[in-house]
Structure formats: C-alpha cells, structure tokens
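Listed here are the chains, written in short residue letters.
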Amino acid sequence: MLQLVLTADGYGRVMQEGQDYLAGMACAANFAWVNRSSMTFLVRQAFQKIFKQQADDLDMHVVYDVSHNIAKVRSSSAIPHLLPNEG
C-alpha cells in the first residue's frame, strides 16, 4: 500500500502524497529522538541528585538507541519502494 503512495503514477516517479508522508515520518522521527534524549538527560539528573554524584562518575551511559517504526526509500528495482523498520 505504501508503494502506491510513493509511485502512484506507475512510472517510478515519487508523487506529492509520498513526499508528504516521508516528510511527516521524518518530523515524527526527529520528535522521538528529542524525546528520548530529554528523558535520558532527566534520568541522569535524577540519579545525580539522589546519589549526590555526577552521572559520569556513576558510569551511566546510553548503551543502545535506535529509532523504530520508520521507513527508508529503497530503489533497488525500477520502482522505488519503502522498507519499513518496525520494532
């Protein structure tokens, strides 16, 4: 279904609806990244306050951070398509 949004003209040209969808997805991904960064900062601040030590001294580091429910445009064939990354 998403492929139809991106290539509704049947010639592999990206349609405006597809551009709008990808722009909305990029905006949501940026918002999610800022959200996760803000929560990480606030958690580190709380631990500093409770333990009365710097977060670096407590050896607090983000181990893994990856966005989910996003998609990238792939053009491995004549018609570009979306490759979702869910989860």
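Each chain has its residues counted from 1, running along the sequence as written. Note on the predicted model: pLDDT of at least 70 is required for a residue's local features to be given, and 80 or more for side-chain atom pairs to be given and counted; whole-chain, interface and lining totals, by contrast, use all residues. With hydrogens and water set aside, each side-chain value is computed from the structure's full complement of heavy atoms.

1. With respect to the overall build of the protein chain
1) Next: Summing up its helical and strand segments, the protein chain has two helices and two strands in all.
2) Next: Taken from the N to the C terminus, the helices and strands of the protein chain come in the order α-α-β-β.
3) Next: Throughout, exposure labels follow a simple rule: accessible area from a 1.4 Å probe, protein chains only, divided by the maximum for the residue type, with under 20% read as buried, over 50% as exposed, and the rest as partly exposed. Put simply, the protein chain has 87 residues, and 13% of those count as buried.
4) Next: The contact rule is simple, with two residues in contact once any of their heavy atoms fall within 4.5 Å. Residue pairs in contact within the protein chain that sit at least 24 positions apart in sequence constitute 31% of those at least 6 positions apart.
5) Next: Each accessible area is a Shrake-Rupley estimate made with a 1.4 Å probe; only the visible protein chains count as cover when residues are assessed. Total accessible area on the protein chain stands at roughly 7000 Å², and carbon and sulfur atoms take up 60% of it. Each helix is a run of DSSP H or I of at least 4 residues and each strand a run of E of at least 2, with the numbering of both proceeding from the N terminus.

2. Some words on the packing of aromatic side chains
Any two aromatic rings considered together are summarised by their centre-to-centre distance and by the angle between their planes.
1) Next: Pairing of aromatic rings covers Phe, Tyr and the six-membered ring of Trp, with a centre-to-centre limit of 6.5 Å; geometry is then stacked below 30 degrees between planes, edge-to-face above 60, and tilted otherwise. Under the counting rule described, the total for this entry stands at one aromatic pair.
2) Next: Between F47 and F51 the ring centres are 5.8 Å apart and the planes differ by 35°, which places this aromatic pair in the tilted class. Linking F47 with F51, this pair stays in helix 2 (residues 16–51), spanning four residues, or about one helical turn.
3) Next: Residue F51 is classed as partly exposed on the basis of its relative accessible area of 45%.

3. Topic: unusual backbone geometry
With the exception of glycine, the majority of residues adopt a negative phi angle, and the majority of peptide bonds are in the trans configuration.
1) Next: In this structure, K52 is a non-glycine residue whose phi angle is positive, near 55°.
2) Next: Within the secondary structure, K52 is located in the loop between helix 2 and strand 1 (70–74).
3) Next: Of note, D59 is a non-glycine position whose phi angle comes to about 60°, a positive value.
4) Next: Within the element layout of this structure, D59 appears in the loop between helix 2 and strand 1.

4. Description of helix 2
1) Next: Helix span, as expected, comes to 1.5 Å for every residue beyond the first. If you check helix 2, its first and last C-alpha atoms are 53 Å apart, about what 36 residues at 1.5 Å a residue would give, namely 52 Å.
2) Next: Taken as a whole, helix 2 has its buried residues at G18, M25 and Q48.
3) Next: Directly after helix 2, the chain includes K52, whose backbone phi takes a positive value near 55°.

5. Remarks on the confidence of the model for the protein chain
1) Next: Looking at the protein chain as a whole, the pLDDT averages 77, with 75% of positions reaching at least 70.
2) Next: Per-element averaging of pLDDT across the protein chain places helix 1 (residues 2–6) at the bottom with 51 and helix 2 at the top with 88. Per-residue confidence from the predictor is given as pLDDT, running between 0 and 100.

6. Structural notes on the side chain of Q48
1) Next: Among the secondary structure elements, Q48 is positioned in helix 2.
2) Next: Take Q48: its relative accessible area is 18%, and that puts it in the buried class.
3) Next: The definition of a polar contact used here is a pair of N or O atoms within 3.5 Å, where within protein one atom must be able to donate a hydrogen and the other to accept one, and adjacent residues in sequence count solely through side-chain atom pairs. Among the polar contacts made by the side chain of Q48, one reaches the main-chain amide nitrogen of A55 at a distance of 2.9 Å.
4) Next: Aside from chain neighbours lying at most four places away, what touches Q48 is Q53, Q54, A55 and L58.

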